[in-house]
Amino acid sequence: MDYTIYRSTIPENQLLRIEEAKELYRRAFDNQLYYAVRDPDELVKLIKHAWQWDKNAMPYYYDLLLWHDEYDENGKKEGKMSFTEFMKKYRDQLVDNTSKPLVEPVVFKDRKMLSYLWDKFADLKYPKFAFQKGWRFSPCESDNNEKYIPCSNEQLEESIKYFNYAMEGGYHCYEDLTARMLFQQGYHYKDKEFKKISKLTEYRKSLTPEDLKLAIDYAEIMAEHSSIIGILRVTEAFLYGLGREQDPVKAYAWSRLNDYAKQKIIEIDNNLAWDYYQLPPVWEYNKEIQTRLEQILTPAQKQAAQNELAELKTKIIVWDYNEWKEQIDDFHPKP
């Protein structure tokens, strides 16, 4: 078996983006109902990319191979074109840009190569695979009470490394990344039921001041895209002087921004935009912060916070955080 990872022979500007490869596979093959070829021309395109080491196309060709027999059987039952039938009919169209016949890479001959390749692709910073690998290390297991058990620093640092690779490749994985940077359990909540949120004061003691500031920078990016968790983290940062200069006026303004976002949820009637079922402990904690600040701020400071709040409202870029979180920025895939 040749374990070499080869550079794609397809020009970089013609390589498939992550979502583009996913949509191409969806158009080419039905792997939900009939398990058969939908569009032969699109499947030709997908296989051409996979056989020429287009990394984002390769997982979908592996998917075809892994379920090959089932695809063939279901295709016959429904009178659809099976994968085997497709290969017999369209094999001569699997050529490169110079019309030279393509050869299936040897890596597809052995299913054991799949996990090896995905692992190495992640190490080479291909974002799709790095994002998947980031989940391998955290969050850690939970106990019988469904509370997350603390991860080791080594696990968290590995997870952080791969999420950073993914982020550099266009993923908006700031929430997952900041959770692992900030908290020993690698999650913003202490339990799977989202009943108790971790507080910023419980941040990992091994975290450097520089990385603490960076985590809050990322939280602010989340906040600008209407993340309730992001807004809360910036509120705490100003309240406690963690990752930001301590400033109770700004902390109060950010806490009020969370109230404004809560009203926005009701106004636009889109609870799915924020995973609303996770938010009750955030509202409760935010109210605690507000009550504390209202007791110490002067009327002049409260007015200054109102002015700050008016400015913060203008900085919200989108009001559907989950939609933005799932997006992947455009980028040129690496050969």
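Residues numbered from 1 in each chain as written. Predicted model: local features only at pLDDT ≥ 70, side-chain atom pairs only at ≥ 80, totals over all residues. Heavy atoms only, no water.

Moving on, we get to the overall build of the chain. Broken down by element type, the chain carries 15 helices and two strands. Summarising its shape, the C-alpha atoms of the chain cover approximately 80 × 45 × 40 Å along the three principal directions. A buried classification covers 50% of the 335 residues belonging to the chain. Partitioning the intrachain contacts of the chain with sequence separation of at least 6 by distance along the chain shows that 70% fall at a separation of at least 24. Carbon and sulfur atoms make up 48% of the accessible area of the chain, which totals about 16,900 Å². The chain carries 48 positive and 57 negative side-chain charges, and their two centres are separated by 1 Å. (Helix = DSSP H or I, 4+ residues; strand = E, 2+ residues; numbered from the N terminus. Buried < 20%, exposed > 50% of the residue type's maximum accessible area, 1.4 Å probe, protein only. Contact = heavy atoms within 4.5 Å. Areas by Shrake-Rupley, 256 points an atom, 1.4 Å probe, with all protein chains shown as cover. Lys, Arg positive; Asp, Glu negative; His and termini not counted. Charge placed at Lys NZ, Arg CZ, Asp CG, Glu CD.)

With that settled, the discussion passes to unusual backbone geometry. Among all residues save glycine, negative phi is the norm, and among peptide bonds the norm is trans. Unusually for a residue other than glycine, serine 99 sits at a positive phi of about 70°. In this structure, serine 99 sits in the loop between helix H5 (83-90) and helix H6 (113-123). Positive phi outside glycine occurs at aspartate 275, with the angle close to 50°. Of note, aspartate 275 is situated in the loop between helix H12 (248-268) and helix H13 (280-296).

As a further point, take the pattern of salt bridges. Tallied over the full model, the rule gives 18 salt bridges. As a salt-bridge pair, glutamate 42 and arginine 27 come within 2.5 Å of each other at their nearest N and O atoms. Of this pair, glutamate 42 sits in helix H2 (residues 40-51) while arginine 27 sits in helix H1 (residues 18-28), placing them 15 residues apart in sequence. Its salt-bridge partner being lysine 325, residue glutamate 175 comes within 3.9 Å of it at the nearest N-O pair. With a gap of 150 residues between them, glutamate 175 in helix H9 (residues 174-182) and lysine 325 in helix H15 (residues 321-326) connect regions that are remote in the sequence. (Salt bridge = Lys/Arg side-chain N within 4 Å of Asp/Glu carboxyl O.)

With 15 residues, helix H14 (residues 299-313) should reach 21 Å at 1.5 Å per residue; the first-to-last C-alpha distance of 21 Å fits that figure. Elements that come into contact with the buried residues of H14 comprise H12. (Expected span 1.5 Å × (residues − 1).)

Of all hydrophobic cores here, the largest spans 103 residues; its most connected members are Leu43, Phe83 and Phe86. Sequence-distant contacts of leucine 43, that is, excluding residues within four places in its chain, are made with Ala28, Phe29, Val37, Leu64, Phe83 and Phe86. (Core = buried A, V, L, I, M, F, W, Y, C linked by side-chain atoms within 4.5 Å.)

Let's shift gears to a nonpolar patch on the surface. Residues Met1, Tyr3 and Val106 make up a contiguous nonpolar surface patch of roughly 290 Å² in combined accessible area. On the basis of relative accessibility, which here comes to 39%, the residue valine 106 falls in the partly exposed class. (Patch = residues over 30% accessible without salt bridge, like charges linked within 9 Å, V, L, I, M, F, W, Y side chains within 5 Å.)

Where H1 is concerned, the buried positions are Ile18, Ala21, Leu24, Tyr25 and Ala28. Across the axial projection of H1, the buried residues extend over an arc of 130°, all falling on one side. (Arc of directions from axis to C-beta.)

Inspection of the entire model under this criterion finds 30 aromatic pairs. Geometrically, the ring pair formed by tyrosine 148 and tyrosine 187 is tilted, given 5.1 Å between the ring centres and 50° between the ring planes. Separated by 39 residues along the polypeptide, tyrosine 148 in the loop between helix H7 (127-134) and helix H8 (153-168) and tyrosine 187 in the loop between H9 and helix H10 (209-224) bring together distant segments of the chain. On the accessibility criterion, tyrosine 148 (16% relative accessible area) is buried. Ring geometry for tyrosine 162 versus tyrosine 165: centroids 5.7 Å apart, planes at 90°, classification edge-to-face. Of this pair, tyrosine 162 and tyrosine 165 both sit in helix H8, separated by three residues, roughly a single helical turn. For tyrosine 162, a relative accessible area of 3% gives the class buried. Relative accessible area serves as the criterion here: at 15%, tyrosine 165 is assigned to the buried category. Grouping aromatic residues by their ring pairs yields a cluster made of Trp51, Tyr61, Tyr62, Phe83, Phe86, Tyr90, Phe108, Trp118, Phe121, Tyr126 and Phe129. It is arginine 180 that lies over the ring of tryptophan 135; its NZ or CZ is 4.8 Å from the centre. (Phe/Tyr/Trp six-rings, centres within 6.5 Å; stacked < 30°, edge-to-face > 60°. Lys NZ or Arg CZ within 6 Å of the ring centre and 35° of its normal.)

That's the geometry; what it means functionally is another story.
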